[in-house]
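Summary of the model geometry
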Amino acid sequence: MKIFLIEDEILALEELADTLQAYSGEHNVRCFESGEEAIDHAQKEAPDILISDIRMPGLNGLDTLQKLMQINPQLQAV
């Protein structure tokens, strides 16, 4: 399963990534500092789960979710 983490605050992103490290054998975790980065990467590798900040500069988390759901309509989000 592919999990995308999106967080514009680098320390929070690192903490989330560390928390999910225990699942890296079973899941592919990708980290992004913006919604735009995640959408660009999703063109090559669509996520199954999205964990995202909502308030971010540029593309916010809800708009990012909408765009990623166009790529994978079964996307689950937190």
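Report follows, based on the coordinates. (Residues numbered from 1 in each chain as written. Predicted model: local features only at pLDDT ≥ 70, side-chain atom pairs only at ≥ 80, totals over all residues. Heavy atoms only, no water.)

1. Things to note about a negative patch on the surface
Together, E14, E15, D18, E33, E36, E37 and D40 make up a region of like negative charge exposed at the surface. Counting residues per element, the ones that place at least two in the negative patch are α1 (10-20) and α2 (35-42). Topologically, E14 is positioned in helix α1. Taking relative accessible area as the criterion, E14 reaches 41% and is therefore assigned partly exposed. (Patch = residues over 30% accessible without salt bridge, like charges linked within 9 Å, V, L, I, M, F, W, Y side chains within 5 Å. Areas by Shrake-Rupley, 256 points an atom, 1.4 Å probe, with all protein chains shown as cover. Salt bridge = Lys/Arg side-chain N within 4 Å of Asp/Glu carboxyl O. Lys, Arg positive; Asp, Glu negative; His and termini not counted. Charge placed at Lys NZ, Arg CZ, Asp CG, Glu CD. Helix = DSSP H or I, 4+ residues; strand = E, 2+ residues; numbered from the N terminus. Buried < 20%, exposed > 50% of the residue type's maximum accessible area, 1.4 Å probe, protein only.)

2. A few points about helix α3 (residues 61-71)
Within α3, burial applies to G61, T64, L65 and L68. Seen end-on, α3 carries its buried residues on one side only, within an arc spanning 100°. Along α3, the residues that are exposed and aim more than 90 degrees away from the buried face are Q66 and Q70. Packing partners of the buried residues in α3 comprise β1 (2-6), α2, β3 (49-52) and β4 (76-77). For α3, the capping residue at the N-terminal end is N60, with a side-chain oxygen 2.9 Å from the backbone nitrogen of L62. (Arc of directions from axis to C-beta. Contact = heavy atoms within 4.5 Å. Polar contact = N/O pair within 3.5 Å; in protein donor to acceptor, adjacent residues only side chain to side chain.)

3. Focus on the sheet that holds β1
Strand order in the open sheet formed by four strands is β2-β1-β3-β4, and the pairing between neighbours is parallel. Each edge of the open sheet carries a strand with a single partner, namely β2 (28-32) and β4. Across five bridges, the pairing between β1 and β2 is parallel. Within β2, the position partnered with K2 by the bridge is N28. (Pairing = 2+ DSSP bridges.)

4. Quick notes on the pattern of salt bridges
Counted by the stated rule, this structure contains one salt bridge. A salt bridge links R30 to E45, with the shortest nitrogen-to-oxygen separation between them at 3.0 Å. Here R30 is found in strand β2, whereas its partner E45 is found in the loop between α2 and β3, with 15 residues between them in sequence. Judged by its relative accessible area of 14%, E45 falls in the buried class.

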